[in-house]
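Geometric and topological summary
Chain residues, written in single-letter form:
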Amino acid sequence: MEKINKIYGPPGTGKTFTLTQRINYLITKQNLPPEKILAVTFTRKATQEMKERLDALLPQMKAKPTVSTLHKLGLTILTSSTKTPYSVIDSIQQKEIVHDLIKDLDIQLTTKEALQHISHIKSGESYKSESNDQQLLFNAYESYLTDNDLLDYDDMISKPIQLLENDTTLLHQWLGCYHHILVDEFQYTKFAQYELVKLLAAPKNNLTVCGDDDQSIYKFRGAAVSNILGYKKDFP
């Protein structure tokens, strides 16, 4: 079985179809147990679509592959490994929290600027310089979430990474869950999301990714097209 597979192509060329056929091949030809396969998608809609395609391909299959968005998978890792009763805030709640913190701290940042900074930091992007106001706001925001057992959208990726990196026993438990990982729409992943994929794929690195290296419509939200361009370097 090939360990590393890359499927590149523009929209409408059947990348997702090829990915589901790859899963079918792993199960029916390579005899890989379905429950040992993880398929990662970018949206809940794409998750449902892939599940329906797999059900059509393998109607008699009782055990099923895990098909999930990366954020839902990250939340599963986090909540199954801690007793903390986390609640996930939505973008409106996050905006209200940040707005109130800016007022309380009396700092010179707009809510939009603050939200962008928080997301960039949590997504794994680094800044050459960080203003005192940015640092103050970020620390206050993180303290607020921690004190109230809250997670934002980016925490569903960054927190599981921290957990797995700091708990080798837990990491090995998750490494034993899946023998092959497949990632759809790989060009939309942020830096931190890519790090989570690499953590879960190691050390066997049985990994298939598909994507379009020309698409960058999510770059403004932190998506790193360089992930797919640098994939060959990370997985030669």
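As a reminder, the structure under discussion sits directly above these lines.
Residues numbered from 1 in each chain as written. Predicted model: local features only at pLDDT ≥ 70, side-chain atom pairs only at ≥ 80, totals over all residues. Heavy atoms only, no water.

It is worth spelling out the pairing of strand β3 (residues 66–69) at this point. Residues in a regular strand point their side chains to alternate faces of the sheet. In terms of strand pairing, strand β2 (residues 37–41) meets β3 through four bridges, oriented parallel. Of the residues in β3, the one forming a bridge with Leu 38 is Thr 66. Taken together, β2, helix α2 (residues 44–57) and β3 constitute a β-α-β crossover, and its handedness is right-handed. (Pairing = 2+ DSSP bridges. Helix = DSSP H or I, 4+ residues; strand = E, 2+ residues; numbered from the N terminus. Right-handed = clockwise from strand over helix to strand, strands pointing away.)

Overall, the coordinates contain one aromatic pair when judged by the stated rule. Both rings, one in Phe 186 and one in Tyr 194, keep their centres 5.3 Å apart while their planes meet at 80°; by these two values the pair is edge-to-face. Both residues of the pair, Phe 186 and Tyr 194, count as buried. Over the ring of Tyr 194 we find Lys 198; its NZ or CZ atom is 4.7 Å from the centre of that ring. (Phe/Tyr/Trp six-rings, centres within 6.5 Å; stacked < 30°, edge-to-face > 60°. Buried < 20%, exposed > 50% of the residue type's maximum accessible area, 1.4 Å probe, protein only. Lys NZ or Arg CZ within 6 Å of the ring centre and 35° of its normal.)

All of the buried residues along helix α8 (residues 168–175) are Leu 170, Leu 171, Trp 174 and Leu 175. End-on, the buried residues of α8 take up no more than an arc of 140°, which puts them together on one face. For α8, exposure combined with an orientation more than 90 degrees from the buried face picks out Thr 169 and His 172. Elements that come into contact with the buried residues of α8 comprise α3 (70–79), α7 (155–166) and α9 (191–201). At the N-terminal boundary of α8, the capping side chain belongs to Asp 167, with an oxygen 3.2 Å from the backbone nitrogen of Thr 169. (Arc of directions from axis to C-beta. Contact = heavy atoms within 4.5 Å. Polar contact = N/O pair within 3.5 Å; in protein donor to acceptor, adjacent residues only side chain to side chain.)

In contact at an axis separation of 10 Å, helix α5 (residues 111–122) and helix α6 (residues 132–147) are set at 75° when each is read in the N-to-C sense. Taken together, the axis directions place α5 and α6 in an arrangement best described as roughly perpendicular. When α5 is examined against α6, the residues Ala 114, His 117, Ile 118, Ile 121 and Lys 122 are found in contact with a partner set consisting of Gln 134, Leu 137, Phe 138, Tyr 141, Glu 142 and Leu 145. (Axes fitted to C-alpha atoms, helices over the stretch in contact; angles between N-to-C directions. Parallel < 35°, antiparallel > 145°, perpendicular 65-115°, else oblique.)

Attention now moves to the nonpolar core. Burial of nonpolar side chains together is a common tendency in soluble globular proteins. Judged by nonpolar contacts, the single largest core of 25 residues is most densely connected at Leu 73, Leu 164, Trp 174, Ile 181, Val 183, Leu 196 and Leu 200. Residue assignment for this core shows that the elements contributing at least two residues are β2, α3, α7, α8, β6 (180–183), α9 and β7 (207–211). Per element, the largest residue contribution to this core is seven residues, and it comes from α9. Not counting residues up to four positions away in its chain, the partners in contact with Leu 164 are Ile 77, Leu 170, Leu 171, Trp 174, Leu 196, Leu 199 and Leu 200. (Core = buried A, V, L, I, M, F, W, Y, C linked by side-chain atoms within 4.5 Å.)

This structure, assessed with the given rule, holds eight salt bridges. Of the charged contacts in the structure, one is a salt bridge between Lys 122 and Glu 142, with a shortest N-O distance of 2.7 Å. Taken as a pair, Lys 122 in helix α5 and Glu 142 in helix α6 lie far apart in primary sequence, 20 residues in all. By relative accessible area, which is 17% here, Glu 142 ends up buried. A salt bridge links Asp 154 to Lys 190; the nearest nitrogen and oxygen atoms lie 3.4 Å apart. With Asp 154 in the loop between β5 (150–151) and α7 and Lys 190 in the loop between β6 and α9, this pair connects stretches of sequence that are 36 residues apart. The two residues Asp 154 and Lys 190 agree in class, both being buried. (Salt bridge = Lys/Arg side-chain N within 4 Å of Asp/Glu carboxyl O.)

Moving on: a negative patch on the surface. Together, Asp 90, Glu 96, Asp 100 and Asp 104 make up a negatively charged patch on the protein surface. Tracing the backbone shows Glu 96 in helix α4 (residues 91–105). (Patch = residues over 30% accessible without salt bridge, like charges linked within 9 Å, V, L, I, M, F, W, Y side chains within 5 Å. Areas by Shrake-Rupley, 256 points an atom, 1.4 Å probe, with all protein chains shown as cover. Lys, Arg positive; Asp, Glu negative; His and termini not counted. Charge placed at Lys NZ, Arg CZ, Asp CG, Glu CD.)

This paragraph deals with the environment of Leu 151. When you line up the elements, Leu 151 lands in strand β5. With a relative accessible area of 1%, Leu 151 lands in the buried category. In contact with Leu 151, not counting residues within four places along its chain, are Leu 75, Leu 78, Tyr 86, Ser 87, Val 88, Ile 89 and Lys 159.

Residue classification places Lys 190 among the buried positions, given a relative accessible area of 11%. At 3.4 Å, the side chain of Lys 190 and the side chain of Asp 154 are in polar contact.

Another point: the pairing of β6. Residues His 180 and Leu 182 line one face of β6 and the alternating positions Ile 181 and Val 183 line the opposite face, and both faces are buried. The pairing of β2 with β6 spans four bridges and is parallel. When the sheet's bridge partners are listed, Val 40 is paired in β6 with Val 183. Here β6 runs beside β7; their pairing, made up of three bridges, is parallel. What sits directly across from Ile 181, in β7, is Leu 207.

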